[in-house]
Amino acid sequence: MTTLTNISYLHSRIKQNLETEIIVAGLGYVGNPLAKLLMKHYPRVSGVDPNPKRVEGVGVEAHIDYDYLRTTSVNVVIVCVPTPLSKTHEPDLSYIVSATEDVAQYIIKRAGSPVLVVIESTTYPGTTEELILPILQKVGVLGKDFFLAYSPERLDPGNEEWNIGNTPKIISGVTEDCLTLVEALYEPVVPVVKVSSPKVAEMTKLLENTFRATNVALVNEIAIVCDKLEIDVWEVVKAAATKPFGFMPFRPGPGLGGHCLPVDPQYLAWKLKTLNYNTRFIQTATEINSEMPAYWVSKVQDALNEKQRSIKSESILVLGVGYKPDTDDIRESPALDIIKLLQDKGAVVYYHDPLVKDLSPLLEMKSVADSELNYDGIFGYGAVILATDHSVYFDQVPGILDTLKYPPEHLCVVDTRGVL
Ligand SMILES: NC(=O)c1ccc[n+]([C@@H]2O[C@H](COP(=O)([O-])OP(=O)(O)OC[C@H]3O[C@@H](n4cnc5c(N)ncnc54)[C@H](O)[C@@H]3O)[C@@H](O)[C@H]2O)c1
């Protein structure tokens, strides 16, 4: 049992950063850099993740199960677990529920010593208060045994200007005390923006990603429009971007990928469906973005047709399979859809990606060796589709840009990123 009131006890523990003990639950794309960021100020950060690969070489002490919590006196647990869609395209909150249940077991063991629980996973408005809070309330009292906050992660992997340490962090608490504690936690490591409730914070994150997903859909539709009008869409976007106000450039591409943009708007759409509201923008944007791989495959088909050839039996190289440049993340990557569509049409498909060497179990394919990515190697294919413009292709593979820009007569090149 603590001697001060529980809020002031926990507050002073967090303020004494050398003593604060923090656990990050989920050491993936978000949890790993977050743990490292917190380590800069709080020396006692560790992690837990059931995936042994995520626990190795993470740079903080890490464990594969919660058993070790028995021996520690943790002040803060930060939950960064996945929030995917189920097979029926509904929010799958099983990871958050399971991680919260593990934390609840720990709260029981702590018997009176308070813990701040911070949820970071992206989810629909209401999750923290309607789903997480009741799980914790089964084992303890809010404000006494635990405090609960929600702070969405805004990380943009690969963004060199805005990283996890300089992007302002939205913070919210189920009560004022919860907010005070999460502010004390994050304020020394990142600029914070306080909002009035977890619902507002949850919605803010979904607005940000829905904004992006719908704007990408808009520019993808403009790409199709420009194609029909025989206008270079990338030249149009570049020209429009010179307007200093009222326009924000988004670039067309092979579709929408990653764990966030294709998924997060569906969380909002699902929640609104339960309230009998149909989110029309989201629906239209989803349709356009998910049709883009087929559009680009049709461009390959057109290019081959012009040379009196068909996709069937043609050997086609897909360059880059990460969902965006310079990431090994292939979740929801449109490049995978492009590969599947080409294979369905009978093409013999090869892929190269400097960061993704193995696509199994998603697709049975072997990666083309880096050493084959030269003029002679590329010469052997009937078509090349640039799906992801990894910077390696421009910085470290001599001649590839010229080979693709000025291909030999027989080679069809389709550039989904407007970089050639
Ligand atoms: N990847 C991004 O760029 C990004 C950006 C902003 C927000 N987000 C959101 O952050 C959350 C995490 O995303 P991510 O990309 O890091 O996912 P991820 O799959 O890379 O990592 C999540 C990790 O959680 C682990 N895990 C699963 N159940 C667990 C449990 N009960 N206890 C502890 N660990 C558990 C998994 O093994 C995995 O390693 C998601 O809600 C996502 O939408 C992601």
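Residues numbered from 1 in each chain as written. Predicted model: local features only at pLDDT ≥ 70, side-chain atom pairs only at ≥ 80, totals over all residues. Heavy atoms only, no water.

Trainee: Any chance you could explain helix H11 (residues 334-344) here in plain terms?
Mentor: Since there are 3.6 residues in each turn of an α-helix, residues three or four apart along the chain are aligned in direction. Along H11, the positions that sit buried rather than exposed are Pro334, Ala335, Leu336, Ile338, Ile339 and Leu342. Those residues of H11 that are buried lie in contact with helix H10 (280-306), strand E9 (315-319), strand E10 (348-352) and strand E11 (383-386). Positive phi shows up at glycine 346, right after H11, with a value of about 95 degrees. (Buried < 20%, exposed > 50% of the residue type's maximum accessible area, 1.4 Å probe, protein only. Helix = DSSP H or I, 4+ residues; strand = E, 2+ residues; numbered from the N terminus. Contact = heavy atoms within 4.5 Å.)

Trainee: Explain the pattern of salt bridges here, please?
Mentor: When charged atoms on two side chains of opposite charge get close, those side chains can pair. Following the criterion strictly, the structure yields 15 salt bridges and no others. With its nearest N and O atoms 2.6 Å apart, the salt bridge here joins arginine 44 to glutamate 21. Here arginine 44 is found in the loop between helix H2 (31-39) and strand E2 (45-48), whereas its partner glutamate 21 is found in the loop between helix H1 (6-15) and strand E1 (22-25), with 23 residues between them in sequence. Relative accessible area serves as the criterion here: at 34%, arginine 44 is assigned to the partly exposed category. Judged by its relative accessible area of 9%, glutamate 21 falls in the buried class. Aspartate 145 is paired through a salt bridge with lysine 144; the nearest N and O atoms lie 3.3 Å apart. (Salt bridge = Lys/Arg side-chain N within 4 Å of Asp/Glu carboxyl O.)

Trainee: What's the story with the sheet that holds strand E5 (residues 115-119) in this structure? I'm lost.
Mentor: Strand pairing in a sheet takes place through backbone hydrogen bonds and is either antiparallel or parallel in direction. A sheet is described by the order of its strands in space; here eight strands give the open sequence E3-E2-E1-E4-E5-E6-E7-E8, paired in mixed fashion. Each edge of the open sheet is held by one strand with a lone partner, namely strand E3 (61-63) and strand E8 (192-194). Looking at each pair of strands side by side, their axes are set apart by 25 degrees on average, direction ignored. Its contacts with the sheet put helix H5 (residues 127-137) on E5 and strand E6 (146-150), and the angle it makes with E6 is roughly 160 degrees. (Pairing = 2+ DSSP bridges. Axes fitted to C-alpha atoms, helices over the stretch in contact; angles between N-to-C directions.)

Trainee: Explain the state of the cysteines here, please?
Mentor: Covalent bonding between the sulfur atoms of two cysteines is what defines a disulfide. Scanning the entire structure with this criterion turns up zero disulfides. Of the cysteine sulfurs around cysteine 178, a residue in no disulfide, the closest is that of cysteine 80, at 18 Å. Residue cysteine 178 is classed as buried on the basis of its relative accessible area, which comes to 0%. (Disulfide = S-S within 2.5 Å.)

Trainee: Looking at this structure, how should I read the environment of serine 8?
Mentor: Topologically, serine 8 is positioned in helix H1. A relative accessible area of 31% means that serine 8 is categorised as partly exposed. For the pair serine 8 and aspartate 177, spaced 169 residues apart in sequence, the C-alpha to C-alpha distance is 9.3 Å. Polar side-chain contacts of serine 8 include one of 2.5 Å to the side chain of threonine 5. (Polar contact = N/O pair within 3.5 Å; in protein donor to acceptor, adjacent residues only side chain to side chain.)

Trainee: Can you help me understand the domain arrangement of the protein in this one?
Mentor: In many reports, interface size means the accessible area that the parts give up when they come together. By the assigned domains, the protein splits into domain 1 (6-196) and domain 2 (239-415). Relative placement of domain 1 and domain 2: their C-alpha centres are 35 Å apart. Counting from both sides, the interface comprises 16 residues of domain 1 and, opposite them, 13 residues of domain 2. Summed over both sides, the interface of domain 1 with domain 2 buries roughly 1,300 Å², with 61% coming from carbon and sulfur. The largest per-residue losses of area from domain 1 upon contact with domain 2 belong to Tyr29, Leu85 and Tyr124, which jointly make up 38% of the total buried on that side. Counting every contact that joins domain 1 to domain 2 gives two salt bridges. Across the pair lysine 271 and glutamate 130 runs a salt bridge, and its minimum N-O distance is 3.6 Å. Applying the counting rule to domain 1 against domain 2 returns six residue pairs in polar contact (both at pLDDT 80 or more). Of the residues contributing to the side of domain 1 that touches domain 2, the split by class is nine nonpolar, three polar and four charged. (Domains from an automatic or database assignment. Buried area = accessible area lost by both parts, 1.4 Å probe. Nonpolar A, V, L, I, M, F, W, Y, C, P; charged D, E, K, R; others polar.)

Trainee: Which parts of the structure should I look at to understand the pairing of E6?
Mentor: The two faces of the sheet receive side chains in turn, since in a regular strand these alternate between them. Among the five residues that make up E6, five are buried, leaving the element largely enclosed by the rest of the structure. Where burial is concerned, the two faces of E6 agree: the one with Phe146, Leu148 and Tyr150 and the one with Phe147 and Ala149 are both buried. Strand direction decides the pairing type here: E5 and E6, joined by five bridges, are parallel. Across the sheet, leucine 116 pairs through a bridge with phenylalanine 147, a residue of E6. On the question of chirality, the crossover connecting E5 to the parallel E6 by way of H5 is right-handed. Alignment of E6 against strand E7 (residues 169-173), held across two bridges, turns out to be antiparallel. (Right-handed = clockwise from strand over helix to strand, strands pointing away.)

Trainee: Where do I start with the sheet that holds E9 in this structure?
Mentor: Pairing in this open sheet of four strands is parallel, and the strands run E10-E9-E11-E12 from one edge to the other. Looking along the sheet, the strands with just one partner apiece sit at the ends: E10 and strand E12 (412-415). Taking the axes of each pair of neighbouring strands and ignoring which way they run, one obtains an average angle of 20 degrees across the sheet. Of the strand pairs in this sheet, E9 and E10 are connected by five bridges, and their pairing is parallel. When the bridges of E10 are listed, leucine 317 appears paired with tyrosine 350. Lying over the sheet, H10 contacts E9, E11 and E12, oriented at roughly 155 degrees with respect to E12. Strand contacts of H11: E9, E10 and E11, with the helix running at about 160 degrees to E10, the strand carrying the most contacts.

Trainee: What is the right way to read helix H9 (residues 264-273) from this model?
Mentor: Taken across its ten residues, H9 has seven buried, putting it largely inside the fold. Among all positions in H9, only Asp264, Pro265, Gln266, Tyr267, Leu268, Ala269 and Lys271 are buried.

Trainee: Where do I start with a nonpolar patch on the surface in this structure?
Mentor: Side chains of Met203, Leu207, Phe211 and Met248 sit close together on the surface and give an oily, nonpolar patch of about 390 Å² of accessible area. Position of phenylalanine 211 relative to the elements: it lies in helix H7 (residues 198-228). (Patch = residues over 30% accessible without salt bridge, like charges linked within 9 Å, V, L, I, M, F, W, Y side chains within 5 Å. Areas by Shrake-Rupley, 256 points an atom, 1.4 Å probe, with all protein chains shown as cover.)

Trainee: How should the site of the ligand be read in this particular structure?
Mentor: Contacts to the ligand come from 28 residues, most closely from Val30, Asp49, Arg54, Thr83 and Thr122. With respect to the ligand, the backbone of tyrosine 29 contributes an N or O atom lying 3.1 Å from an oxygen atom. Arginine 54 is positioned such that a nitrogen or oxygen atom in its side chain is 2.8 Å from an oxygen atom of the ligand. For the ligand, whose unbound accessible area comes to 830 Å², protein coverage reaches 93%. Tallying contributions element by element places helix H4 (residues 94-110) first for the shell around the ligand, with three residues. Here the shell around the ligand is composed, by residue class, of 15 nonpolar, eight polar and five charged. (Near = heavy atom within 4 Å.)

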